[in-house]
Amino acid sequence: DAEITQSPRHKITETGRQVTLACHQTWNHNNMFWYRQDLGHGLRLIHYSYGVHDTNKGEVSDGYSVSRSNTEDLPLTLESAASSQTSVYFCASRGAANTGELFFGEGSRLTVL
Amino acid sequence: QKEVEQDPGPLSVPEGAIVSLNCTYSNSAFQYFMWYRQYSRKGPELLMYTYSSGNKEDGRFTAQVDKSSKYISLFIRDSQPSDSATYLCGGSGGSNYKLTFGKGTLLTVNP
C-alpha cells in the first residue's frame, strides 16, 4: 500500500543545532506540505511544494527550509533550532492541486532544549 | 483574523448525543471544504469533503457549507466513544489551493 512516512518520530536536540526531519511518500503525489501543530494554534503551514524544484513559504516559514529534489521526498530543515520550534511536525501530500484531500504522516515530535 | 476560526472546546457529550461542530472562514476564494479527524498522537485523517455550498452525508456524519455566511458545520448523529478525537475544519481555493485549518475542537463522547 502507498503511504507517507516521517522520520524520526521523536527527537530531542539542543538550541542552535541543525535538524532535518524526513518525509517520504510513495503515492507519486506532486503536492507536499509541512505543518506544525501546537496547542492553541492548530495546524500551521510551514512550507509547501507543488513539484520537483518548487518550494513555497507558508505562514510560519522563518527558521525553516525545504528542498524538493525528487517527487517522493520533502525534507524539512531547521537551520539553527530554537526552543520556540519545539512542536509536533506533520508532513502531508496531495495528488490533485485543487482538492483538499491531504494524506498526513504520523508526525515527528521535536523538543529543542 | 485567521482565515479559519474554530472553537477549540473541549466539548464533552454523552454517548448517543447529536454533536454539532462549527467553523467560520474569511477567505472568499475557498471552494473546497473538509473535516479531518485526529486521534491522540496520530496524524489527521480526512473525514468529510465538500465542494462549494451544500450538504454531504456519510453514515452518521453530515457536513454543511454555507458560502453566503462563510460557515462550515459537521454534525455527528448517535455519537460513539470511538468518535472521541480532535476535529479540524479546513478550506482551500484561490490561486494556490493551499489548505488552511482551524485550531481544532477536542470532542469526548462519554459511555
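Structure first, text after, so check above.
My aim in this report is to walk through the structure given alongside it, one point at a time. Only a predicted model underlies this, so the values are computations on that prediction, with no experimental measurement involved. Chains are numbered independently. Their residues run from 1 in the order of the written sequence. In the order they appear in the text, chains get letters beginning with A and ligands get numbers beginning with 1. Reporting of local features is limited, given that this is a predicted model, to residues whose pLDDT is at least 70; pairs of side-chain atoms are given and counted only at 80 or more, and all residues count toward the totals for whole chains, interfaces and linings. With hydrogens and water set aside, each side-chain value is computed from the structure's full complement of heavy atoms.

1. Regarding the pattern of salt bridges
Residues and elements named next belong to chain A.
Okay, so step 1: We define a salt bridge as a side-chain nitrogen of Lys or Arg found within 4 Å of a carboxyl oxygen belonging to Asp or Glu. With the rule as written, the count across this model stands at seven salt bridges over all chains.
Okay, so step 2: Where Asp38 meets Arg36, a salt bridge forms, and the shortest distance between an N and an O atom there is 2.8 Å.
Okay, so step 3: Note on classification: 1.4 Å probe, protein chains only; a residue is buried when its accessible area is under 20% of the maximum for its type, exposed when over 50%, partly exposed between these limits. Taking relative accessible area as the criterion, Arg36 reaches 8% and is therefore assigned buried.
Okay, so step 4: Salt-bridge contacts for Arg44 lead to Asp38; the nearest nitrogen and oxygen are separated by 3.0 Å. As far as burial versus exposure is concerned, Arg44 and Asp38 are alike and both buried.
Okay, so step 5: One connected set of salt bridges, linked through shared partners, spans Arg36, Asp38 and Arg44.

2. Considerations on the sheet that holds strand E6 (residues 54–58) of chain B
All names here are of chain B.
Okay, so step 1: By the convention used here, strands pair only if DSSP detects at least 2 bridges between them. Numbering of helices and strands starts at the N terminus; helices are DSSP runs of H or I of at least 4 residues and strands are runs of E of at least 2. Read from one edge to the other, the open sheet built from five strands follows the order E1-E3-E8-E7-E6, with strand pairing classed as antiparallel. The outermost strands of the open sheet, each flanked by one partner alone, are strand E1 (4–6) and E6. Each neighbouring strand pair of the sheet contributes to a mean axis angle of 15°, computed without reference to strand direction. For every element, the axis is a line fit to its C-alpha atoms; helices are fit only across the contacting stretch, and the angle between N-to-C directions ranges from 0 to 180 degrees.

3. Description of the pairing of strand E11 (residues 108–112) of chain A
Residue and element names in this part refer to chain A.
Okay, so step 1: On E11, burial follows the alternation: Ser108, Leu110 and Val112 on one face are buried, whereas Arg109 and Thr111 on the facing-out side are not.
Okay, so step 2: Bridge count for strand E2 (residues 10–13) against E11 is four bridges, and the pairing is parallel. Pairing of Lys11 across the sheet is with Leu110, part of E11.
Okay, so step 3: Looking at chain direction, strand E9 (residues 87–94) and E11 are connected through three bridges and run antiparallel. If you follow Val88 over to E11, its bridge partner there is Arg109.

4. Some thoughts on the nonpolar core
Okay, so step 1: Ranked by internal contacts, the top residues of the largest apolar core, which has 23 residues, are Trp35(B), Met48(B), Ile72(B), Leu74(B), Ile76(B), Tyr87(B) and Leu107(B).
Okay, so step 2: Of all the secondary-structure elements, those providing two or more residues to this core are strand E3 (19–25), strand E4 (30–38), strand E5 (45–51), strand E7 (61–66), strand E8 (71–76), strand E9 (85–93) and strand E11 (105–110) of chain B.
Okay, so step 3: No other element matches E3(B), which puts four residues into this core.
Okay, so step 4: Between two residues, a contact is recorded if the distance between any of their heavy atoms is within 4.5 Å. Among all residues touching Met48(B), those that are not within four sequence positions of it are Phe33(B), Met34(B), Trp35(B), Lys56(B), Glu57(B), Asp58(B), Phe61(B), Thr62(B), Ala63(B) and Leu74(B).
Okay, so step 5: Counting 18 residues, the second-largest nonpolar core is a separate cluster that includes Leu21(A), Val66(A), Leu78(A) and Cys91(A). As used in this record, nonpolar core signifies buried Ala, Val, Leu, Ile, Met, Phe, Trp, Tyr and Cys residues forming a set joined through side-chain atoms within 4.5 Å.

5. Some details on the sheet that holds strand E7 (residues 64–66) of chain A
Residue and element names in this part refer to chain A.
Okay, so step 1: The antiparallel open sheet is built from four strands, whose spatial order is E1-E3-E8-E7. Either end of the sheet is taken by a strand with one partner, and the two such strands are strand E1 (4–7) and E7. Averaged over all pairs of adjacent strands, the angle between their axes in this sheet comes to 20°, without regard to strand direction.
Okay, so step 2: Relative to strand E8 (residues 76–78), strand E3 (residues 19–25) runs antiparallel, the two sharing three bridges.

6. Focus on unusual backbone geometry
Okay, so step 1: Of note, the bond from Ser7(A) into Pro8(A) is cis; its omega dihedral lies within 30 degrees of zero at -5°.
Okay, so step 2: Residue placement: Pro8(A) occurs in the loop between E1 and E2.
Okay, so step 3: Positive phi, close to 55°, is recorded for Lys70(B), a residue that is not glycine.
Okay, so step 4: Inspection of the secondary structure puts Lys70(B) in the loop between E7 and E8.
Okay, so step 5: Residues other than glycine seldom take positive phi values, yet Asp78(B) does so here, at roughly 45°.
Okay, so step 6: Here Asp78(B) lies in the loop between E8 and E9.

Spatial relationships are all this shows, so hold off on functional conclusions.
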